[in-house]
Amino acid sequence: MAELPIPDVSPARCSGRFTISTLLGMEEGGRGPYTPTEGSNCDSAQPTQLSSSTLCTRTFGYNTVDVVPAYEHYANSKGVGDPRKGRPSLADLHSILKVTGGLAVPIASLASPGHAEAGPEAGLEEAEGEPGRDSEPEPVRFGWVKGVMIRCMLNIWGVILYLRLPWITAQAGIALTWLIILMSVTVTTITGLSISAISTNGKVKSGGTYFLISRSLGPELGGSIGLIFAFANAVAVAMHTVGFAETVRDLLQEHNSLIVDPTNDIRIIGVITVTVLLGISLAGMEWEAKAQILFFLVILVSFINYLVGTVIPATAEKQAKGFFSYRADIFAQNFVPNWRGPEGSFFGLFSIFFPSATGILAGANISGDLKDPAVAIPKGTLMAIFWTTMSYLVLSATIGACVVRDASGSLNDSVAVGSPGCEGLACSFGWNFTACAQQQSCRYGLSNYYQSMSMVSGFGPLITAGIFGATLSSALACLVSAPKVFQCLCKDQLYPLIGFFGKGYGRNSEPIRGYLLTYVIAVGFILIAELNAIAPIISNFFLCSYALINFSCFHASITNSPGWRPSFRYYSKWAALFGAAVSVVIMFLLTWWAALIAFGIVIFLLGYVLYKKPDVNWGSSMQASSYNMALNYSVGLSEVDEHIKNYRPQCLVLTGPPNFRPALVDFVGTFTKNLSLMLCGNVLIGPRKQKMPESRLMADGHTKWLMKRKIKAFYTDVVAEDLRSGVQMLIQAAGLGKMRPNILVLGYKRNWRTASPESLEDYVGILHDAFDFKYGVCVMRMKEGLNVSRVLQAHVNPTFEAAEHPKNGTGSRAAPGTAADPTTLASEQQASTIFQSKQGKKTIDIYWLFDDGGLTLLIPYLLGRKKRWGKCKIRVFVGGQINRMDEERKAIVSLLSKFRLGFHEVHILPDINQKPRPEHIKRFDELIAPFRLNDGFKDEATVNEMRQGCPWKISDEEVDKNRAKSLRQVRLNEILRDYSRDAALIAITPPIGRKGRCPSSLYMAWLETLSQDLRPPIILTRGNQENVLTFYCQ
């Protein structure tokens, strides 16, 4: 821990092992951990100021700015105006303390933004104002029973429980009905375990299913599922309401009391019902919870009423309808299946029953209204699944042991036991249902009468009340779930035009606008009054959610991310994968066309979010998976042997800040995109302590700038004392495994004649270093220059190009106050370059003067494959002798055809060795004149003595020895201006200056002479003398 130079305090004031003001901060009037309270054990004569706050803590027996672990240090939920609740920064602990005005202040804090404005009193004033604020009423929060278990049970129970489960038992038999129930529950249980794992892996906020999936799998899948899940819940409100309205309509029909007609009665009753439910929802979650408890009690009473009815001795009327109380032979007969009708198949019945097992997400959907979602969601969901499963199993077993499959309902069918001509199990109980059973005209019995539960129960109207409770509770749960999920989706702003519905009202942040939207959707579908077509799509939407929840759990587990640490341990990634696969299979078993529609909608919404790329970062498992894939492939690449056929130009581009040299970035990005590695390197020159904060601040901004420009490249920077040592670091350390640069790309140094001689030595030295490390070299020159920093009014990297500021040093040395923040950098206007526009039918001229392994050919070839350069004709120029032009041309054409580059236009330059024009020779001599020693051909020792301290100087002997090579560059420039005046791009093999024999000024004079006065961009490309092209297939 970092100790503070604070005078010793008396033992009485520092008694005990340690005293921590931080942990008491919230109890002492809301003061922050950096704010000492009155009378605290601090030496007020010399407090310590850290990042605009004051701290005096005595920890482990001595004064320190370090703090012990606390919840506030990890919570990112900080309200506006709250005092700072954070640990000291590394700079606070690590930097040198400077005493200013009696305060010990870290130097890093003095330099931090906002330090001057906020003194030690700022934190105190903020903290002291905290208790005086009006305290908002606490929002209503629910526990696991009231908030999750009861809500899920009500949503799982539905009309199928009352009206279809007895009929399914008659068709499939008790054994297969139990199998159908257990298969359905297996899917929901696996999903429940997955929900439990995801909801316990961090703090869960409002948004329910959408929140869980989006924060696990990312906004793409989460957003699409959130939208369709909210819509499915809104339509489900209409479905359950219509189920209730149909039951009421049937009761009215029985008593001949229809309001208008059967269809319009459903509409009238449905609209009135959903309006009442909306009123309950708008009254607040507390009233909605009370209504749900009322529905729950009604359903429990109806269950008890049914179970009591099964043990009451059957009356003659009930026996006529097939009820005979518990009988072993009835149980035995109903234990095996008896398929009837078009739906009489195992999967047909499974598709009918499965929707009644859904509804397990009702509790998770109100996650924002739970006291502790991490405890309530797992416990409540799994308990709801358990109790509803038991109710289904008990119901099918009990009713299958009490009621026969066929009964006439006529009291006249009673016969004496053992009467002849009587067939069927009822004969042994004194009833003859043979006639209606053979004619399949029986109106009663499990196979024919949907209201068997009402008939068996002790008091029939209570079963009707249970049906009302099941339908209304499910409708109310969906009416609450849809706006809650949709509100979270609106706040994330993944889709346009929906943000209006994200506003919350009241202490629970109720989505009133979302409630009204859900109400409008529900009323619209209620007025249709024909939901048979939309119902399968809704079921498939829910199954989509189940599949993605299971896949989320599996994906998060398989990525082995350290952030995946659910406190709920009773899950299996393979079970989750199985649950996801089964959910998809069930989607197609239920309704294949609805499954295709659901997938189509999900894919469309997924594609939209992928296209828009919302600026969110939730630490999803997709991010972890991307890292895993990149890591595995990178490691696997190390095991792959290199081959010339797989050679890729992997470029380290010395851009400085990339936005300063957009043309250089665009040029390399054009031929490396989707092909090879591109690294933008920046050398920050200066003291490490001064430049490191700038490096951390700007790196993210430069990366975002590259992404906005659609350049697929990495950005990296190093801090060094001078440019050359920084580039040496980049050359040696850049890359990973086999993904390491093999070409150094840099801009031409236009101001080499006026720049400091040291920077000239550094520039040429960088080229030598690149060749030493087996790099190819590519130098780019444009007539208008590469550096646009003067236009951007930002700092300059004068080592490469800054004629306006020759004394500003070298490298990326910023003037005070010129560094832009990352947001500004990424949002600045993008400069357009020649490499972003279509080149039309121009030419790319390649001057392959020396065999460097083929790199001079390869880069223009890759450039020509791109759409913007695709119409350009590529011409190849090579040197030759005038008396052997045809033979040399045929040889080069033959070689190029073997390389399969598609270069067919080859020109031989026979006049390459002609003497240049005198005026051009004179210009070259004037170019090197300021750099000559004028030693008069003295011996080497004397020359070295004269050159001491100025190694860039050119001796007379060096001028004489390299005269032919110098004249060659002059002549080549004349040829370039003659042949390539109108080219789109010129690529040429430059000369190489031998280390120790060719002064840097002479070499730069060669490059200057070779590339001067040319309108098109010129690329001076030199490979490392190793093949990058081959015409062999192995």
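Residues numbered from 1 in each chain as written. Predicted model: local features only at pLDDT ≥ 70, side-chain atom pairs only at ≥ 80, totals over all residues. Heavy atoms only, no water.

Participant: Help me understand the state of the cysteines in this model?
Facilitator: Among covalent bonds in proteins, the disulfide is the one between the sulfur atoms of two cysteines. By the definition in use, this model includes 1 disulfide. Between Cys 436 and Cys 442 runs a disulfide, and the two sulfur atoms are separated by 1.9 Å. Because the torsion about its S-S bond is 80°, the bridge between Cys 436 and Cys 442 counts as right-handed. Take Cys 442: its relative accessible area is 8%, and that puts it in the buried class. (Disulfide = S-S within 2.5 Å. Buried < 20%, exposed > 50% of the residue type's maximum accessible area, 1.4 Å probe, protein only.)

Participant: I tried to follow the packing of aromatic side chains on my own but got confused; where do I start?
Facilitator: How two aromatic rings sit relative to each other is given by the distance of their centres and the angle of their planes. Under the definition given, this model contains 32 aromatic pairs. Ring centres of Phe 350 and Phe 354 lie 5.7 Å apart, and the angle between their planes is 35°; this geometry places the pair in the tilted category. The class for Phe 350 is buried, based on a relative accessible area of 3%. Measuring from ring centre to ring centre gives 5.9 Å for Phe 588 and Phe 599, while their planes differ by 20°; the resulting arrangement is stacked. Of this pair, Phe 588 sits in helix H20 (residues 573-590) while Phe 599 sits in helix H21 (residues 592-612), and the two are 11 residues apart along the sequence. Each member of the aromatic cluster is reached from another via a ring pair, and the members are Trp 157, Tyr 162, Phe 296 and Phe 303. Positioned above the aromatic ring of Trp 287, the side-chain terminus of Lys 290 is 4.9 Å from the ring centre. When the ring centre of Phe 500 is taken as reference, the NZ or CZ atom of Arg 513 above it lies at 4.0 Å. (Phe/Tyr/Trp six-rings, centres within 6.5 Å; stacked < 30°, edge-to-face > 60°. Helix = DSSP H or I, 4+ residues; strand = E, 2+ residues; numbered from the N terminus. Lys NZ or Arg CZ within 6 Å of the ring centre and 35° of its normal.)

Participant: What exactly am I supposed to notice about the pairing of strand S11 (residues 776-781) here?
Facilitator: Burial analysis of S11 places 6 of its 6 residues in the buried class, which makes it a mostly covered element. Alternating residues of S11 divide into Gly 776, Cys 778 and Met 780 and Val 777, Val 779 and Arg 781, and every residue in both groups is buried. Bridge count for strand S10 (residues 743-747) against S11 is 5 bridges, and the pairing is parallel. Considered in S11, the bridge of Leu 746 is made with Val 779. The β-α-β motif built from S10, the intervening helix H26 (residues 757-772) and the parallel element S11 has right-handed crossover chirality. (Pairing = 2+ DSSP bridges. Right-handed = clockwise from strand over helix to strand, strands pointing away.)

Participant: Teacher, can you tell me more about the side chain of Ser 545 here?
Facilitator: When you line up the elements, Ser 545 lands in helix H19 (residues 534-558). Ser 545 sits in the buried class, given a relative accessible area of 0%. Filtering out sequence-adjacent residues up to four positions away, Ser 545 remains in contact with Thr 209, Ile 213, Ile 225, Phe 229 and Leu 361. (Contact = heavy atoms within 4.5 Å.)

Participant: Mind showing me how you'd approach the pairing of strand S14 (residues 905-909) here?
Facilitator: For a regular strand, side chains alternate in direction, first toward one face of the sheet and then toward the other. Strand direction decides the pairing type here: strand S13 (residues 873-879) and S14, joined by 5 bridges, are parallel. Bridged to Val 878 within S14 is Ile 908. A crossover links S13 with its parallel partner S14, the connecting element being helix H30 (residues 885-899), and its sense is right-handed.

Participant: Could you clarify how one ought to interpret helix H31 (residues 918-928) in this entry?
Facilitator: Note on helix geometry: an α-helix contains 3.6 residues per turn, so any two residues three or four positions apart are oriented the same way. Residues of H31 that are buried: His 920, Ile 921, Phe 924, Leu 927 and Ile 928. Viewed along the axis of H31, the buried residues span an arc of 115°, placing them on a single side of the element. Away from its buried face by more than 90 degrees, H31 exposes Pro 918 and Lys 922. In the core, the buried residues of H31 are packed alongside helix H33 (956-961), helix H34 (963-979) and helix H35 (1000-1011). (Arc of directions from axis to C-beta.)

Participant: Can you walk me through a nonpolar patch on the surface in this structure?
Facilitator: A contiguous nonpolar patch, built from Phe 588, Trp 592, Trp 593, Leu 596, Ile 597 and Ile 601 and spanning about 560 Å² of accessible area, is present on the exposed surface. Per-element tally for the nonpolar patch: the top contributor is H21, with 5 residues. When you line up the elements, Leu 596 lands in helix H21. The exposure class of Leu 596 is partly exposed, given its relative accessible area of 45%. (Patch = residues over 30% accessible without salt bridge, like charges linked within 9 Å, V, L, I, M, F, W, Y side chains within 5 Å. Areas by Shrake-Rupley, 256 points an atom, 1.4 Å probe, with all protein chains shown as cover. Salt bridge = Lys/Arg side-chain N within 4 Å of Asp/Glu carboxyl O.)

Participant: Would you mind going over the pattern of salt bridges with me for this structure?
Facilitator: Pairing of side chains with opposite charge becomes possible as their charged atoms draw close. Under the criterion given, the structure shown has 20 salt bridges. Close ionic contact of Glu 888 with Arg 884 constitutes a salt bridge, the shortest N to O distance being 3.2 Å. In this structure, Glu 957 engages Lys 961 in a salt bridge whose closest nitrogen and oxygen atoms are separated by 3.2 Å. Here the residue Glu 957 and the residue Lys 961 both occupy positions in helix H33, the gap between them amounting to 4 residues, near one helical turn. Salt bridges sharing common partners tie together Arg 753, Arg 781 and Glu 1008.

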